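# Examining the three-dimensional arrangement
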Amino acid sequence: MAIISETKVKVRYSETDQMGVVYHGNYAQYLELSRIGWLDQLGVSYKLMEENGVMLPVYEIALKYKKSAYFDDVLKIETCLKKKPTARIEFSYKIYNQHEELLTTAVTTLVFVDAETRKPMVCPDDIMEKIEEKLLLGV
């Protein structure tokens, strides 16, 4: 199973510490940007999903830092769906710099939540259909 998207982001000065190294807390934002890009590629608007009463909070995040990212680096973030979603959806990530050096790997688990009841729910049918269609096409 592999539905992979790629997002690029240029490291801004404000995202670094005094040594010019990306502050570790910024990686969660990079992963979020990439997840939203993954959903966009799937044809799912995060904004419309929320307007339709579905929230997707992060349940778990794990990062492994292999090398530092620096101010002005152009990062490529590969986001991959780990398995078909249920009430949870899991992604794996690889972050590379412009020299194709692997900097960071990560895994996130998010939970589909009904905005009204604030209780977990299964992956909405329209999202599951789009995932299954991509899997069938081998995209």
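Details of the structure are given in the entry above.
To start, this report covers the structure provided alongside it. (Residues numbered from 1 in each chain as written. Predicted model: local features only at pLDDT ≥ 70, side-chain atom pairs only at ≥ 80, totals over all residues. Heavy atoms only, no water.)

Bringing the side chain of Glu90 into the picture now. Looking at where Glu90 falls in the secondary structure, it is placed in strand β5 (residues 88-96). A relative accessible area of 18% places Glu90 in the buried class. A distance of 3.3 Å separates a polar atom in the side chain of Glu90 from a polar atom in the side chain of Lys83. Those residues within four positions of Glu90 in sequence are excluded, and the remaining contacts are Cys80, Leu81, Lys82, Lys83, Thr108 and Thr109. (Helix = DSSP H or I, 4+ residues; strand = E, 2+ residues; numbered from the N terminus. Buried < 20%, exposed > 50% of the residue type's maximum accessible area, 1.4 Å probe, protein only. Polar contact = N/O pair within 3.5 Å; in protein donor to acceptor, adjacent residues only side chain to side chain. Contact = heavy atoms within 4.5 Å.)

Between the first and last C-alpha of helix α1 (residues 27-42) there are 23 Å, a value that for 16 residues agrees with the 22 Å anticipated at 1.5 Å per step. Burial in α1 covers these residues: Tyr27, Tyr30, Leu31, Ser34, Arg35, Trp38, Leu39 and Leu42. One or two steps after α1, the chain reaches Gly43, where phi turns positive at roughly 95°. (Expected span 1.5 Å × (residues − 1).)

For residues besides glycine, phi is generally negative; the peptide bonds are generally trans as well. One non-glycine residue with positive phi stands out, namely Asp72, at about 80°. Mapped onto the secondary structure, Asp72 falls in the loop between β3 (58-65) and β4 (74-81). Asp72 sits in the partly exposed class, given a relative accessible area of 40%. In this structure, Arg118 is a non-glycine residue whose phi angle is positive, near 65°. As for its position among the elements, Arg118 is in the loop between β7 (113-114) and α3 (125-137).

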